[in-house]
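An overview of the molecular structure
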Amino acid sequence: MKSFMKIVSLSLFVLTIGISGCSPKYTTEDKGDFVLVHNPEGATIGYSRSSGVQPLTVDRLGFKDLNKNGQLDKYEDWRLPVDERAKDLASKMSVEQIAGLMLYSAHQAIPGRPGGFFTSTYNGKSFDESGAKPSDLSDEQKKFLTDDNLRHVLITTVESPGVAAQWNNNAQALVEGIGLGIPINNSSDPRHTSVSNAEYNAGAGGKISMWPGTVGIAASFDPSLMKQFGEIASAEYRALGIATALSPQIDLGTEPRWSRFDGTMGEDPNLTTDMARAYVDGFQTSIGKDEIANGWGYKSVNAMVKHWPGGGPEEGGRDAHFGYGEYAVYPGNNLKDHLKPFTEGAFNLAGPTKLASAVMPYYTISFNQDTVNGENVGNSYSKYLITDLLRGKYGYDGVVCTDWMITKDAKAVDLFQGKCWGVENLSEAQRHYKAIEAGVDQFGGNNEMGPVIEAYKMGVAEHGEEYMRKRFEQSAVRLLRNIFRVGLFENPYLNVAETEKIVGNPEFMKAGYDAQLRSIVLLKNQNHILPVKKQLKVYVPIRYTPAGKNWFGFATPEKKEYPFNMDIVKKYFEVVDSPEEADFALVGIESPMAELATIDRI
C-alpha cells in the first residue's frame, strides 16, 4: 500500500510539474479589430474579436479554432502540409459549402456603384443615401458570403488603399465566424496601368504604382523587368487584401484587330513564353521570412493565366465577349504556338512554386481543335481541351476557372450578356454540369450556388453519390490549396496604416516610371524632329467621337475633346489655334476599338 501511494504521489508530482511548465510559447498583440498570435519559429495567426473564433493552445503553440469545436483539426494545424490540410477540410465540407467555393463573384467596387451593371445597395439604399462607410460590406456581398457560401471575390475600383484594407478586414471577420471559417480569396484584374492624362512626379506616391501594360513591358525584351513588375505588383496586391491575380494574359497577339491585343505580351511565342514565366515567378514567389513552404507565402499572389488554349486568333479580330466573336480560328494550324506560353512558360517556372496556380479558358470556341470528339463548344465546356489536353497531356492539376458569365443566357450577338457559346440549347444548370464534367473547378461571375447544386444532382443521377462527392472534393482541394499556400487561413487581416505606406509608395512609383521609359518604341524620327525643344508652338487637333454604344451596350453621346491633358501640354509648349501657326503638331489617334479596350473586363 505504501509503495502504491508513493507511485501515485510521484505521478501527481510529475503531472503537476508538467502543467506548471506548459505556459504558451506564443505572444499576443492587440491590433484593435483583430488579435495577432505570434508563434516563435512558426506561423503568426490573426483572428477577429467579432467572429467568435478563439485561439487553441496545443504543444504550447497557438492555432485558430475555426470550426469552434474545441479541438485542433488537421486543416487548422499550420504545421501540416497544404495538401493534407486541404483534403481534411474538403472532407468536412457540405455539398453546399463546396458549391459556394466553386463560385467567383461578379465585379465588386468598393464602395459599390449606385446603378448600371453590378449595382450595390447598403441596407436597401444606394451608398450615397445609406450613410454607410466606404469599407462596409454591401447587401449583395453579405448575401453571397453567407447564403451562397461564396469565398472568391473579384475587386475592381477601390476608393483608396486604406478603404480596401479595412473592407478586407470586415469581410474576413464575417466569414471567419461562419461554418468552417474559410477565408476569402480576393482577386483583381490588372490594375497597374499608367494614366495617360496625368504627369508623373518622381517624388510622389499614388493609389498604386503605374506601369506599362504587359505588351509595353514585353517591348523591353527583358524578362527581368517583367519579374520586377510581378514582385512589386504582388506586394501591393497583398497590401490591398488581394491574393489572386486574374492575369497574366498570355494569349499570342496574332490578330492585330482584336480589341484585347493590348493586354497580350506580343505575337512572338518565344518572347511571350519567357515573359509569362517571369510574370508568374514574380507574383507567386515569397522569400525569406515571408515564405511558408516551396516558395509560397505571405507575399505570394496566385496567378491565373489566361486564356487557355490561347484567345488571340479571334476570327476577323472580333472579340468573344459578344456572339459575333465566338470563334477562334487557326488558319495556319498553329495551336502549338498558342499553347507554348502556357506549357513552356507558366507551367515551367524558374522559381520554386513551379507552375501557375490557376488557368482561365477563354469564351471562344476553338474551332475544329477537338481531335477526339469533334465537338465545337466554348473552351470551358470542352472535355478535350480541359481534361484530355490540359490535365491529361500536360499534367496540370491546378484550378481551372471559367471566364465570366459563360453559363448565362445569350439573347443577341451584339449585347454584353451571357457567353454560352456552343451550348445555347442547354439550361443554366446543365451548362454548369457540362463544364464540371469537362474538368472545370470554378465559375467566374456567378454569385449564386443554386445552379451548382442542381449540377451536383444531375451528376448523382447519372453516376451516383460517391462519384459526384469525390468529383466535388477534387475541385475543393484545388481551390483550398490556393488559399492555404498564401497563408490566409492563418492571418487574412491587414494593418491599414501599413497598407497606406506600401501601396503606391515613391520607390514603387519610380520603378514603374522607369519601366515606362524602357517600354517606349520609336518607330521613326523623320528629319530628326525629336527631341522637341521646349516652348515651341504646338497645334493639337480636337478629337471628334460620334455617338454610339459603350462596352456594356449603353448609349454614349457624341463628344469633342482634346486627346491630351492640355494643362500639361501648356507647361512645355505654346499652344496655337491653327496648324499654320505651329512648329509641330501633337496628334492623338485611336482605333475604332480602342475605347472598348480601355474598359475593365475579364
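Residues numbered from 1 in each chain as written. Predicted model: local features only at pLDDT ≥ 70, side-chain atom pairs only at ≥ 80, totals over all residues. Heavy atoms only, no water.

Looking at the overall build of the chain
Stated formally: Counting from the N terminus, the helices are the DSSP runs of H or I reaching at least four residues and the strands are the DSSP runs of E reaching at least two. The globule rule is 2.2 Å times the number of residues to the power 0.38, and the radius of gyration it is compared with is taken over C-alpha atoms. For this analysis, residues touch if any pair of their heavy atoms sits within 4.5 Å. For the accessible areas, the method is Shrake-Rupley and the probe is 1.4 Å, while residue cover comes only from the protein chains on display. Positive charges come from Lys and Arg alone, negative charges from Asp and Glu alone, with His and the N- and C-terminal ends not counted. Throughout, a charge is located at the NZ atom of Lys, the CZ atom of Arg, the CG atom of Asp or the CD atom of Glu.
If you tally the helices and strands in the chain, you get 18 helices and 25 strands. Relative to a compact globule of 602 residues, whose C-alpha radius of gyration would be 25 Å, the chain shows 27 Å and is just as compact. Along the first, second and third principal axes, the C-alpha set of the chain runs to 120 × 60 × 50 Å. Pairs at least 24 apart in sequence give 70% of the contacts found in the chain among residues at least 6 apart. Working note: accessible area of the chain is about 27,100 Å², and carbon and sulfur atoms make up 53% of it. Of the side chains in the chain, 62 bear a positive and 75 a negative charge, and the two mean positions are spaced by 4 Å.

Details of the pairing of strand 9 (residues 185-188)
Short version of the rule: A simple rule labels every residue: compare its accessible area, found with a 1.4 Å probe on the protein chains alone, to the largest value its type can have, and call it buried under 20%, exposed over 50%, or partly exposed in between. If DSSP finds at least two bridges between two strands, the strands pair. Call a crossover right-handed when, viewed with both strands pointing away from you, the route from the first strand across the helix to the second goes clockwise.
Burial along strand 9 is two-sided: Asn185 and Ser187 facing one way and Asn186 and Ser188 facing the other are all buried. In this sheet, strand 9 lies alongside strand 8 (residues 152-158) in parallel orientation, the contact comprising four bridges. Residue pairing in the sheet places Leu154 in a bridge with Ser187 of strand 9. Tracing the backbone out of strand 8, into helix 6 (residues 161-176) and back to the parallel element strand 9 gives a crossover that is right-handed. The pairing of strand 9 with strand 10 (residues 242-245) spans three bridges and is parallel.

Concerning the sheet that holds strand 25 (residues 584-585)
Pairing is parallel in the open sheet, where three strands are placed in the order 24-19-25. Edge positions in the sheet fall to strand 24 (574-576) and strand 25, since each of these pairs with one other strand and no more. Bridge count between strand 19 (residues 537-539) and strand 25: two bridges; the pairing is parallel. Bridged to Val538 within strand 25 is Phe584.

Thoughts on the confidence of the model for the chain
Operational definition: Each residue carries a pLDDT value, the predictor's own confidence for that position, ranging from 0 to 100.
Mean pLDDT over the chain stands at 91; residues scoring 70 or higher make up 93%. Throughout residues 1-21 the model reports pLDDT below 50, and contacts reaching past four residues in sequence, or to other chains, amount to one contact. Contacts from residues 594-602, a stretch scored under 50 in pLDDT, to residues over four places away or in other chains number 30 contacts.

Some points on the packing of helix 9 (residues 269-284) against helix 10 (residues 335-346)
Threshold: Angles here are taken between N-to-C directions and fall from 0 to 180 degrees, while the axes themselves are lines fitted to C-alpha atoms, restricted in helices to the stretch in contact. The sense of a crossing depends on the near helix, which, turned anticlockwise from the far helix by less than a right angle, makes the crossing left-handed and, turned clockwise, makes it right-handed. Here the nonpolar group is Ala, Val, Leu, Ile, Met, Phe, Trp, Tyr, Cys and Pro; Asp, Glu, Lys and Arg are the charged ones; every other residue, Gly included, is treated as polar.
Their axes nearest at 8 Å, the elements helix 9 and helix 10 cross at an angle of 35°. As helix 9 runs across helix 10, the sense of the crossing is right-handed. Within the contact between the two elements, helix 9 uses Pro269, Asn270, Thr272, Thr273, Ala276, Arg277 and Val280 and helix 10 uses Asp337, Lys340, Pro341, Glu344, Gly345 and Ala346. Residue composition of the contact of helix 9 with helix 10, grouped by class: five nonpolar, four polar and four charged.

Structural notes on a nonpolar patch on the surface
Let me state the cut-off plainly: Candidates for patches are residues over 30% relative accessible area with no salt bridge; among them, like charges are joined within 9 Å and nonpolar side chains (Val, Leu, Ile, Met, Phe, Trp, Tyr) within 5 Å. Within this document, salt bridges are pairs made up of a side-chain nitrogen of Lys or Arg and a carboxyl oxygen of Asp or Glu, the two lying within 4 Å of each other.
Taken together, the side chains of Tyr513, Leu517 and Ile520 present a nonpolar region at the surface, about 290 Å² in accessible area. Along the polypeptide, Leu517 turns up in helix 16 (residues 506-519). The exposure class assigned to Leu517 is partly exposed, which follows from its relative accessible area of 45%.

Concerning the sheet that holds strand 1 (residues 27-30)
Strands in a sheet are paired, the pairing made by backbone hydrogen bonds, and the direction either parallel or antiparallel. Spatially, the three strands line up as an open sheet ordered 1-2-3, and their pairing is antiparallel. Looking at strand neighbours, the two that pair on one side only are strand 1 and strand 3 (44-48), the edges of this open sheet. Strand after strand, the sheet turns through a mean of 20° between neighbouring axes, direction not considered. Here five bridges tie strand 2 (residues 34-38) to strand 3, and the two strands are oriented antiparallel to one another. Across the sheet, Leu36 pairs through a bridge with Gly46, a residue of strand 3.

A short note on the nonpolar core
Grouped burial of nonpolar side chains is what soluble globular proteins tend to show. As a reminder, the rule being used: To qualify as a nonpolar core, a set must consist of buried Ala, Val, Leu, Ile, Met, Phe, Trp, Tyr and Cys residues joined through side-chain atoms within 4.5 Å.
With 123 residues, the main nonpolar core has Trp308, Phe472 and Leu480 as its most contacted residues. With eleven residues, the next largest nonpolar core counts Tyr26, Val37, Ala43 and Val53 among its residues.

Overview of the environment of Asp139
This is how the line gets drawn: Polar contact is defined as a pair of N or O atoms within 3.5 Å, subject to the rule that within protein one atom must be able to donate a hydrogen and the other to accept it, and that residues adjacent in sequence are counted only when both atoms are side-chain atoms.
Relative to the helices and strands, Asp139 is located in helix 5 (residues 139-146). The class for Asp139 is partly exposed, based on a relative accessible area of 24%. Taking the C-alpha atoms as reference points, Asp139 and Tyr122, 17 residues apart in sequence, are found 5.4 Å from one another. With sequence-adjacent residues up to four places away left out, Asp139 is seen in contact with Thr121, Tyr122, Asn123 and Gly124. Here the side chain of Asp139 touches Asn123 through a polar contact of 2.9 Å, landing on its backbone nitrogen.

Describing the packing of aromatic side chains
For any pair of aromatic rings, the description rests on two quantities: the centre-to-centre distance and the angle between the ring planes. What counts here: Each pair of aromatic rings taken from Phe, Tyr and Trp, with Trp reduced to its six-membered ring, is defined by centres within 6.5 Å and is described as stacked if the planes are under 30 degrees apart, edge-to-face if over 60, and tilted in the remaining cases. For a ring to carry a charge above it, either NZ of a lysine or CZ of an arginine must fall within 6 Å of the ring centroid while also lying within 35 degrees of the normal to the ring plane.
Counted under the stated rule, the structure contains 23 aromatic pairs. With 5.8 Å between their ring centres and 55° between their planes, Phe229 and Tyr279 make a pair best called tilted. Taken together, the residues span a long stretch of sequence, with Phe229 in helix 8 (residues 223-239) and Tyr279 in helix 9 at a distance of 50 residues. Geometrically, the ring pair formed by Phe347 and Tyr396 is stacked, given 4.8 Å between the ring centres and 25° between the ring planes. Separated by 49 residues along the polypeptide, Phe347 in the loop between helix 10 and strand 15 (358-361) and Tyr396 in the loop between helix 11 (383-393) and strand 17 (399-400) bring together distant segments of the chain. The buried category is assigned to Phe347, whose relative accessible area is 14%. Among the aromatic residues, ring-to-ring pairing joins Trp211, Phe229, Tyr237, Tyr279 and Phe283 into one connected group. Across from the ring centre of Tyr363, 5.7 Å away, lies the NZ or CZ of Lys419, which sits over that ring.

What to know about the pairing of strand 13 (residues 302-308)
Buried residues dominate strand 13, accounting for seven of its seven residues. Pairing of strand 10 with strand 13, which is carried by two bridges, proceeds in the parallel orientation. If you follow Thr244 over to strand 13, its bridge partner there is Asn302. Direction of pairing for strand 13 relative to strand 15: parallel, over a ladder of four bridges. The residue of strand 15 that forms the bridge with Met304 is Ala358.

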